[in-house]
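Close look at the chain arrangement
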Amino acid sequence: MTILPGFTGSLLDRVDMARHDEALVAAMRADPEALLLLLADLHPLGAEEGTLGWTPLAEVQIEVELALLGRIEGRPRFVALTPGVSALRRSPELFAAITALQPGEAGTYAAARSLIDWHARHGFCPNCGHRTLAFRAGWGRRCPNCEAEHFPRVDPVVIMLAQHGTGDAARILVGRQPAFPPGRYSALAGFLEPGESVEEAVTRELAEEAGVAVHSVRYVASQPWPFPSQLMIACVAMTDDDRLRIDETELEDARWIDRAGVIAAMNGEPDAPFLPPPPYAIAHTLFRRWLAES
C-alpha cells in the first residue's frame, strides 16, 4: 500500500548542472516560456484550485533576486527571493490552501518557501559578518569579503510512535501540545542533536518527553516540512513497558491508543478518541502506515 507523505512528489527537475552555468541560467531567464511562482508573503496564490499560480516571467518587472527552482514540463520555473519574509509565520488560510494543493504542487511550494526563507535569514556571513550575495542560481550565498560560501540546509527532526504490544493488543503512544487544536493528538517529535543517530534521537526523545524506554527502532518515511526548513524522519519503536512519565514542559498530555481507536480517528468518526493531524503532516502518514503494516 503506497501512502505518500505530504510535500513530496514534486515534478521539478532541479537541473543542478545549470546552477553552475551563469550563461545557461541567463538564457533560461530570457526564455519566453519561463514562469514565475505567484506568492503573496509566502502564501501560494491560486492554490485553492489545487495548483500553484504561475505567470510568464517576461511580463513581470522584478526588483529582487530570483532563484531557479528548475523545470517542469520543460519550462523554466523561478521564484522571487523576497527579503524580510519568514516561513515561521503560518495562518489557517495558508493551511487551507496547502490542503487544497495536489501533492506534487505542495512539494514544489515547499522547496520554494524554504529557499526564500533561507535567503531572508542569511543576508550576512556567519564567518565575518559581511553582507552576502546570492549565487549558483539562488542555491547559495557567497561572502565577497572572506569568500566563504553558504548553502541551504535542512534541520532533521525525528517524529515517532512508541508501540506497546503486538497484533490485536498493539497500542501506540500519542501526545498533544497546548498549541494544538482541541482534541488533536499526534506523534511525538524532536530535533536531532549533534553527534546523534536517528535511532538514538528517537530513543532519547521518547524517554525525555514521555518516560518510555524503547528498542527496535524502524524507519517508516520522511517528509520536508517548510516551516521553515526541516526534514521530518518518521519512525516506530517498540517498548515493553507502558508506564508514562510526561514532561509537562513539552507535552500537555500523552496516552496509549489501540488499533480501533486509531482507525476511528483516521476515519473521522464522531466518537474517536482523538483528532488526528491533517493529511499534509507526516504524522498523518505515520498513522496510516502503522495501520497498514502492523
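This one's a predicted model, so the numbers in the text were calculated from it and none came from an experiment.

1. Observations regarding the overall build of the chain
Looking only at helices and strands, the chain features six helices and 15 strands. In terms of overall size, the chain behaves like a compact globule, its C-alpha atoms giving a radius of gyration of 21 Å where 294 residues would be expected to give roughly 19 Å. Overall, the chain is about 60 × 45 × 30 Å in size when its C-alpha atoms are taken along their principal axes. A total of 294 residues make up the chain; the buried ones form 50% of that total. A separation threshold of at least 6 residues defines the contact pool for the chain, and within that pool the share at least 24 residues apart is 63%. For the chain, the computed accessible surface area is about 14400 Å², with 52% contributed by carbon and sulfur atoms. Within the chain, one finds 26 positive and 39 negative side-chain charges whose respective centroids are separated by 2 Å.

2. Describing the packing of helix α5 (residues 259-266) against helix α6 (residues 282-293)
The interhelical angle for the contact between α5 and α6, taken along N-to-C directions, is 130°, at an axis separation of 11 Å. Between α5 and α6, the interaxial angle falls into the category oblique. Read as a crossing pair, α5 and α6 show a hand that is left-handed. Between α5 and α6, the residues in contact are Arg259, Val262, Ile263 and Met266 and His284, Phe287, Arg288, Trp290 and Leu291, respectively. Per-class residue counts for the contact of α5 with α6 are six nonpolar, one polar and two charged.

3. Here's the deal with the sheet that holds strand β8 (residues 140-142)
Spatially, three strands are ordered β7-β8-β9 in an open sheet, and the strand pairing comes out antiparallel. The open sheet terminates on both sides in strands that have one partner only, identified here as β7 (133-135) and β9 (149-150). For β8 and β9, the ladder comprises two bridges, and the chain directions are antiparallel. When the bridges of β9 are listed, arginine 142 appears paired with glutamate 149.

4. Side note on the pairing of strand β11 (residues 171-176)
Along β11, five of the six residues are buried, which leaves the element largely enclosed by surrounding structure. As paired elements, strand β10 (residues 155-164) and β11 share two bridges and run antiparallel to each other. Paired with glutamine 163 across the bridge in β11 is isoleucine 172. Connecting β10 to the antiparallel partner β11 that follows it, the hairpin turn spans six residues, and glycine 165 within it adopts a positive phi of roughly 85°. Pairing analysis gives six bridges linking β11 to strand β15 (residues 253-258), with the strands arranged antiparallel. Counterpart to arginine 171 in the pairing with β15 is aspartate 258.

5. Notes on the environment of glutamate 252
Relative to the helices and strands, glutamate 252 is located in the loop between β14 (230-239) and β15. With 236 residues separating them in the primary sequence, glutamate 252 and aspartate 16 have C-alpha atoms 44 Å apart. Glutamate 252 has contacts with Arg176, Gln177 and Pro178, leaving out every residue within four places of it along the chain. Engagement of the side chain of glutamate 252 in a polar contact is seen with the side chain of arginine 176, the distance being 2.6 Å.

Thresholds, definitions, all that
- Residues numbered from 1 in each chain as written.
- Predicted model: local features only at pLDDT ≥ 70, side-chain atom pairs only at ≥ 80, totals over all residues.
- Heavy atoms only, no water.
- Helix = DSSP H or I, 4+ residues; strand = E, 2+ residues; numbered from the N terminus.
- Rg over C-alpha atoms; globule rule 2.2 N^0.38 Å.
- Buried < 20%, exposed > 50% of the residue type's maximum accessible area, 1.4 Å probe, protein only.
- Contact = heavy atoms within 4.5 Å.
- Areas by Shrake-Rupley, 256 points an atom, 1.4 Å probe, with all protein chains shown as cover.
- Lys, Arg positive; Asp, Glu negative; His and termini not counted.
- Charge placed at Lys NZ, Arg CZ, Asp CG, Glu CD.
- Axes fitted to C-alpha atoms, helices over the stretch in contact; angles between N-to-C directions.
- Parallel < 35°, antiparallel > 145°, perpendicular 65-115°, else oblique.
- Left-handed = near helix turned anticlockwise from the far one by under 90°.
- Nonpolar A, V, L, I, M, F, W, Y, C, P; charged D, E, K, R; others polar.
- Pairing = 2+ DSSP bridges.
- Polar contact = N/O pair within 3.5 Å; in protein donor to acceptor, adjacent residues only side chain to side chain.

Don't take any of this as a statement about function, it's just geometry.
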